[in-house]
Amino acid sequence: MPYETILVEREGPTAIITINRPKALNALNATVLDEFIAAFGELERDSSVRVVIVTGSGEKAFVAGADIGELAALPNAEAATQKARAGHLVTQRIEHSRLPVIMAINGFALGGGLELAMAGDIRVAASTAKVGQPEVNLGIIGGFGGTQRLPRLVGSGMASYLLLTGEMISADEAKAANLVEKVVPPDQLMSEAKRIASVIASKGPLAIAATKRVIHKGLQTDLHSALELEATTFGGVAVTSDAREGLKAFLEKRPPNFTGS
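Bear in mind that the values here come from a model prediction, so they are computed numbers and not experimental data. (Residues numbered from 1 in each chain as written. Predicted model: local features only at pLDDT ≥ 70, side-chain atom pairs only at ≥ 80, totals over all residues. Heavy atoms only, no water.)

1. A closer look at the side chain of Arg-149
- Locating Arg-149 in the fold gives a position in helix α5 (residues 146-154).
- Residue contacts for Arg-149: discarding those within four places in its chain leaves Thr-91, Gln-92, Glu-95, Met-118, Ala-119 and Phe-144. (Helix = DSSP H or I, 4+ residues; strand = E, 2+ residues; numbered from the N terminus. Contact = heavy atoms within 4.5 Å.)

2. Describing the nonpolar core
- Formed by 46 residues in total, the largest nonpolar core has its most connected members in Val-52, Val-54, Phe-62, Met-103, Ile-105 and Leu-179.
- Residues in contact with Ile-105, not counting those within four places in the same chain, are Phe-62, Ala-117, Arg-123, Val-124, Ala-125, Ala-126, Ala-129, Val-180 and Leu-189.
- Core analysis: the second largest hydrophobic core is formed by 14 residues, Val-51, Val-124, Ile-200 and Ala-201 among them. (Core = buried A, V, L, I, M, F, W, Y, C linked by side-chain atoms within 4.5 Å. Buried < 20%, exposed > 50% of the residue type's maximum accessible area, 1.4 Å probe, protein only.)

3. Notes on the pattern of salt bridges
- The final tally for this structure, using the stated rule, is 13 salt bridges.
- In this structure, Arg-21 engages Asp-67 in a salt bridge whose closest nitrogen and oxygen atoms are separated by 3.2 Å. With Arg-21 in the loop between β2 (14-19) and α1 (30-45) and Asp-67 in the loop between β4 (61-63) and α2 (68-72), this pair connects stretches of sequence that are 46 residues apart.
- Classification of Asp-67 as buried rests on a relative accessible area of 16%. (Salt bridge = Lys/Arg side-chain N within 4 Å of Asp/Glu carboxyl O.)

4. Considering the sheet that holds strand β6 (residues 108-110)
- With mixed pairing, the 4 strands of this open sheet are ordered in space as β4-β6-β8-β9. Where the open sheet ends on each side, the last strands, each with one partner, are β4 and β9 (168-170). For this sheet the average axis-to-axis angle between neighbouring strands, irrespective of direction, equals 20°.
- When β4 meets β6, the two strands line up parallel, connected through 2 bridges. In the sheet register, Val-63 faces β6, and the bridge partner there is Ala-109. (Pairing = 2+ DSSP bridges. Axes fitted to C-alpha atoms, helices over the stretch in contact; angles between N-to-C directions.)

5. A few points about the sheet that holds strand β7 (residues 122-126)
- If you trace the 6 strands from one edge of the open sheet to the other, you get β1-β2-β3-β5-β7-β10, paired in mixed fashion. Every interior strand has two partners, whereas the edge strands, β1 (6-11) and β10 (182-184), have only one. Along the sheet, successive strands turn relative to each other by an average axial angle of 20°, direction set aside.
- Inspection of the sheet shows β1 paired to β2 by 6 bridges, in the antiparallel sense.

6. Thoughts on the environment of Leu-43
- Here Leu-43 is to be found in helix α1.
- Given a relative accessible area of 7%, Leu-43 falls into the buried group.
- Between the alpha carbons of Leu-43 and Ala-177 there is a distance of 32 Å; along the sequence they are 134 residues apart.
- Every residue in contact with Leu-43, bar those within four places of it in the chain, is listed here: Val-8, Ala-15, Ile-17, Val-49, Val-52, Arg-98 and Leu-99.

7. Quick notes on α5
- Every buried residue belonging to α5 is among Gly-146, Arg-149, Leu-150 and Val-154, and all of these are buried. Buried positions in α5, seen along its axis, are confined to an arc of 105° and lie on one side of it.
- Those residues of α5 that are buried lie in contact with α3 (77-96), α4 (112-118) and α6 (156-165).
- With its phi angle positive at about 90°, Gly-155 sits one or two positions after the end of α5. (Arc of directions from axis to C-beta.)

8. Digging into the packing of aromatic side chains
- Taken as a whole and assessed by the stated rule, the structure comprises 1 aromatic pair.
- Aromatic side chains Phe-36 and Phe-40 sit 5.8 Å apart centroid to centroid with 10° between the ring planes, which places their arrangement in the stacked category. Taken as a pair, Phe-36 and Phe-40 lie in helix α1 at a separation of 4 residues, close to a single helical turn. Judged on exposure class, the residue Phe-36 and its partner Phe-40 are both buried. (Phe/Tyr/Trp six-rings, centres within 6.5 Å; stacked < 30°, edge-to-face > 60°.)

Set out below in structure tokens:
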């Protein structure tokens, strides 16, 4: 279906969602959030989709933040709370999805943009990208998960630095802080994201979905409980048809043919 603020493309088992508001530096307004949820849901229901790449339109910005005009128009605390929850709905949908999500950060990823990126499974940044959580410069705080996901990714010290100063850091600094996994030249960003997506798409989809689920759920509990979660999940995956095929293919020295069953 056509969308007003996003583009959705398919390249085999990889889907690409592009936030398409270049004149607004791809800022996240209510329409973007609603359309992202709708498009992502369609992709999740399509069993031929194995991986999603999210990026921004143009060369300047991945997503420069939430829509400031909408934030300025919030009439009361309840409306502001609901705005934050709308952002959480998007980021949690990404995290809880069976689909691995690669964030291709092509420019500014600030505020809500960085919060969106942090919900992804893998972040690849152009060497020209800048990231940050500048909300305190506006007298507000991160509302789309920044105060919670950032410490989990980079530790409380670096998270406090970014959240309390509002300063931006470069792509290389973000990689050093474990905020992004890879930094590449701008003209190689999408090709590298697609390469990673192709590698993931070639694996058993049940194993990929289970691995993502165990990572995210395990981080929300203690180690003992997380290890038990891993054991029971391994037990379920190890007896699937895909597992039988993968093990047989290895022994027969041939590529596996995974069907998602």
